[in-house]
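Residue-level listing of the chains:
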Amino acid sequence: MTSSTCKDSIELLLEYLDGELNGELRARLEEHLGGCSPCEDFLKSYKATPTLCRKALARELPREVAAKLTDFLRAEMAKAANK
Amino acid sequence: MSLDAESRNIQGSAPLIPSEDTELLTRAQAGDTAAFEGLVERHRSRVFGLAQRMLNSADDAAEVLQESFLSAYRNLPNFRGDAQFGSWVYRIAANHALMRLRHRKVVNQVEGPLDGPQFNERGSLVEEVSDFRDAEGEAMDKELREAIEAAASRLGAEYREVFVLKDLEGLSYEEIAELTGSTVAAIKSRLHRARLSLRAAIDQFYAERS
C-alpha cells in the first residue's frame with residue numbers, strides 16, 4: 001500500500017470526518033496520521049474549526065429589527081385586507 | 001420566547017413543537033393575522049440568524065427577514081403543509097439570502113485566493129499547527145471572534161454559502177444541493193476549501209498569541 005503524503009491526507013479530511021472514505025483510503029489516511037504528528041494536530045484543528053466558527057458567528061435578533069418586522073408585516077397585511 | 005430586559009436582543013425559546021405551528025397555520029390560512037404573527041414570532045430568530053450569517057450585514061438580514069415573511073404571508077393559501085411551516089419559511093429565506101449574496105458577488109467581483117496549508121515539494125506539511133483550545137468549553141475570546149468574523153467575511157460567495165448552510169446551519173449536503181443548484185461533490189469541495197481558509201485564520205490567531 002503506497003503511503004499518503006500530508007497533502008494527500010489533508011485533501012481527504014472532510015470525507016474522513018463524514019465517515020465516507022472507503023476502506024483502503026481510510027486505512028492509508030489513518031496510517032499516515034499515526035506516523036505524522038503535524039497532521040494529527042492539523043486534523044484536531046480542522047475538526048475544531050466549525051465549532052469555533054459557530055460560536056463566533058452566532059447572531060441574535062435585535063429587538064428593534066423584530067419590532068420593525070412586526071410593523072412592516074402589519075402594514076402589508078392591512079393593505080392586503082383593504083384590497 | 002422571552003425578551004431579556006437588559007438586552008437589546010430577543011432570546012430564543014425552548015425547541016418548537018410542530019403541532020403548535022399546525023394550529024397557528026390553520027388559523028392563519030383562514031385569515032387570522034394574529035395567528036400569522038404567532039408563526040412569525042416562533043421562527044423569526046432562526047430566519048434572521050441564517051440571513052445575518054450568510055450576508056454578514058444586519059441591515060441586509062433585516063430586509064431578507066421582511067421579504068421572507070411577506071412572501072410566506074402571500075403564499076399562505078398555496079402552502080399545503082407537506083413540509084413544516086418553519087422549514088418552508090427557512091427555505092424561502094435561504095433563497096432570498098443566496099440571491100443577495102450572489103448579486104453582491106456580481107457587483108463586487110474582487111475576491112482574493114483562499115488561505116490553506118503549505119506543503120513542500122514532497123507534499124509534507126511545512127507549517128507548525130497551533131494548539132486550538134478546547135472548542136467546546138471556553139467562552140469565545142473577543143479577538144478570536146473578530147479574527148473569525150474577518151476571515152468569514154473574506155470568503156467568496158460560493159464558499160460562504162456552503163460554509164454557512166453546512167457548518168453554521170447544519171443542513172445536509174442534499175438540502176444544500178437543492179438550494180444552491182450545485183452538485184454534492186462541488187459543495188464538499190468548496191466546504192473543504194472554506195474550512196481550510198477559516199482554520200488558517202484561527203491558526204494564525206493562536207500562533208500570534210503564543
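Above this text sits the structure in question.
Keep in mind the model is a prediction, meaning the values are calculated, not measured.

Rules used throughout
Residues numbered from 1 in each chain as written. Chains lettered and ligands numbered in written order. Predicted model: local features only at pLDDT ≥ 70, side-chain atom pairs only at ≥ 80, totals over all residues. Contact = placed C-beta atoms within 7 Å. Helix = DSSP H or I, 4+ residues; strand = E, 2+ residues; numbered from the N terminus. Nonpolar A, V, L, I, M, F, W, Y, C, P; charged D, E, K, R; others polar. Pairing = 2+ DSSP bridges. Axes fitted to C-alpha atoms, helices over the stretch in contact; angles between N-to-C directions. Parallel < 35°, antiparallel > 145°, perpendicular 65-115°, else oblique. Left-handed = near helix turned anticlockwise from the far one by under 90°. Buried ≥ 20, exposed ≤ 12 C-beta atoms within 10 Å, placed from the backbone.

Colleague: Hey, could you run me through the interface of chain A and chain B in this one?
Modeller: Interfaces are often sized by the amount of accessible area the parts lose when they come together. Contacts between chain A and chain B engage 37 residues on the former and 45 residues on the latter. At the level of elements, α1 (6-11), α4 (37-56), β1 (61-62) and α5 (63-82) of chain A are the ones that each hand at least two residues to the side of chain A that touches chain B. For the side of chain A that touches chain B, the element with the highest residue contribution is α4(A), accounting for 16 residues. Grouping the amino acids of the side of chain A that touches chain B by side-chain chemistry returns 21 nonpolar, 5 polar and 11 charged. Note that β1(A) and strand β1 (residues 9-10) of chain B share 2 bridges and pair antiparallel. The residue of β1(B) that forms the bridge with L61(A) is I10(B).

Colleague: Before we go on, may I ask you to explain the packing of helix α6 (residues 157-168) of chain B against helix α7 (residues 173-180) of chain B in this structure?
Modeller: Between two packed helices, both the angle of their axes relative to each other and the distance between the axes serve to describe the pair. Residue and element names in this part refer to chain B. Close contact between α6 and α7 brings their axes to 10 Å; oriented N to C, the two are set at 140°. As summarised for this structure, α6 and α7 are arranged oblique, according to the angle between their axes. The handedness of the crossing between α6 and α7 comes out as right-handed. Contact with α6, carried on its side by E161, V162, L165 and K166, involves I176, L179 and T180 of α7 and no other residues of that element. A class-by-class count of the residues in the contact of α6 with α7 yields 4 nonpolar, 1 polar and 2 charged.

Colleague: What exactly am I supposed to notice about the environment of L155(B) here?
Modeller: All names here are of chain B. Tracing the backbone through its elements, the reader meets L155 in the loop between α5 (142-153) and α6. Overall, L155 belongs to the buried group, with 21 C-beta atoms counted inside 10 Å. For the pair formed by L155 and L55, sequence separation is 100 residues and the distance between their alpha carbons is 11 Å. When sequence neighbours within four positions are dropped, the list of residues in contact with L155 reads R160, F163, A194 and S197.

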